[in-house]
Amino acid sequence: MERRKFPLLFLILAALTVTNLSAEEQSKFDKFLEAIFPFPILSLESGNPEVFSFDIGVETLFIPLGEEDRAGTYFCYNYSRSKYDNFHRFSGGIAWGMMGLFEVRGGMGYGLMPKNNEVLHTLFTEISFRILLLEIKSVFERPLKPDNLADYYLNTYEDGVKFKIGLSI
């Protein structure tokens, strides 16, 4: 019985030794995976003038800035609904965060607003702050074309500034 346990114990110890010998390589590989592994963006928000909004996207290409914080890029799709219109926005930018507790994202993007068989094209900038699950977001949007919908947008949404608050992971 003792003779049978010895080869099994030897194999277990050998496996642990091999793992420990390559631990440095694994940590470099883990750091690489950490940098490129996409982290999801999911949020539900409400605000003024858009009463319902959700974001879906990813953060990736992280650079560690210290033990607890890192910076990276994000890409996001946003659907928003105001009292009168629906908006579809595509954005990208830079994200900075600390261990999932606090995060700031800022970027710009391109938006679409369908209205009366036409589509208004917009450019916008956005900034959002997240603490734990609470997110506060601001969007500054400018209409591009067509002119009749750009005039409608400016008359309806005046300065193009939108504030939202909601939950995010």
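What counts and how
Residues numbered from 1 in each chain as written. Predicted model: local features only at pLDDT ≥ 70, side-chain atom pairs only at ≥ 80, totals over all residues. Heavy atoms only, no water. Pairing = 2+ DSSP bridges. Helix = DSSP H or I, 4+ residues; strand = E, 2+ residues; numbered from the N terminus. Axes fitted to C-alpha atoms, helices over the stretch in contact; angles between N-to-C directions. Buried < 20%, exposed > 50% of the residue type's maximum accessible area, 1.4 Å probe, protein only. Polar contact = N/O pair within 3.5 Å; in protein donor to acceptor, adjacent residues only side chain to side chain. Salt bridge = Lys/Arg side-chain N within 4 Å of Asp/Glu carboxyl O.

Is there a simple way to explain the sheet that holds strand E1 (residues 39–48) in this structure?
Where strands meet in a sheet, backbone hydrogen bonds hold them as pairs that are either parallel or antiparallel. If you walk around this closed barrel you meet the eight strands as E1-E2-E3-E4-E5-E6-E7-E8, and the pairing is antiparallel. Strand-to-strand, the axes of this sheet are offset by a mean angle of 25°, without reference to chain direction. In this sheet, strand E6 (residues 118–131) lies alongside strand E5 (residues 102–115) in antiparallel orientation, the contact comprising 14 bridges. When the sheet's bridge partners are listed, Phe102 is paired in E6 with Ile131.

Would you mind showing me how to read the environment of Ser43 here?
Within the fold, Ser43 resides in strand E1. Overall, Ser43 belongs to the buried group, its relative accessible area being 4%. In this structure the C-alpha to C-alpha distance between Ser43 and Ile56, which are 13 residues apart in sequence, comes to 6.9 Å. In terms of polar contacts, Ser43 uses its side chain to reach the side chain of Glu45, at 3.5 Å. A distance of 3.4 Å separates a polar atom in the side chain of Ser43 from a polar atom in the side chain of Glu135.

Would you explain the pairing of E6 in this entry?
Working note: regular strand, side chains alternate between the two faces of the sheet. Here E5 hands over to E6 after two residues, with Asn116 in that stretch at a positive phi of 50°. When E6 meets strand E7 (residues 134–145), the two strands line up antiparallel, connected through eleven bridges. Its bridge partner being in E7, Phe129 is matched across the sheet by Ile136. Where E6 folds back onto E7 in an antiparallel hairpin, the turn is made up of two residues, including Leu132, whose phi is positive at roughly 55°.

Could you clarify how one ought to interpret the pattern of salt bridges in this entry?
Between side chains of opposite charge, a pair can form when the charged atoms approach closely. In this structure the tally under the stated criterion is twelve salt bridges. Between Glu50 and Lys162 there is a salt bridge, with the nearest N and O atoms lying 3.0 Å from each other. Within this pair, whereas Glu50 is found in strand E2 (residues 50–64), its partner Lys162 is found in strand E8 (residues 161–168), the two being separated by 112 residues in sequence. The two residues Glu50 and Lys162 agree in class, both being buried. The structure contains a network of salt bridges with shared partners spanning Glu50, Arg89, Glu141, Lys162 and Lys164.

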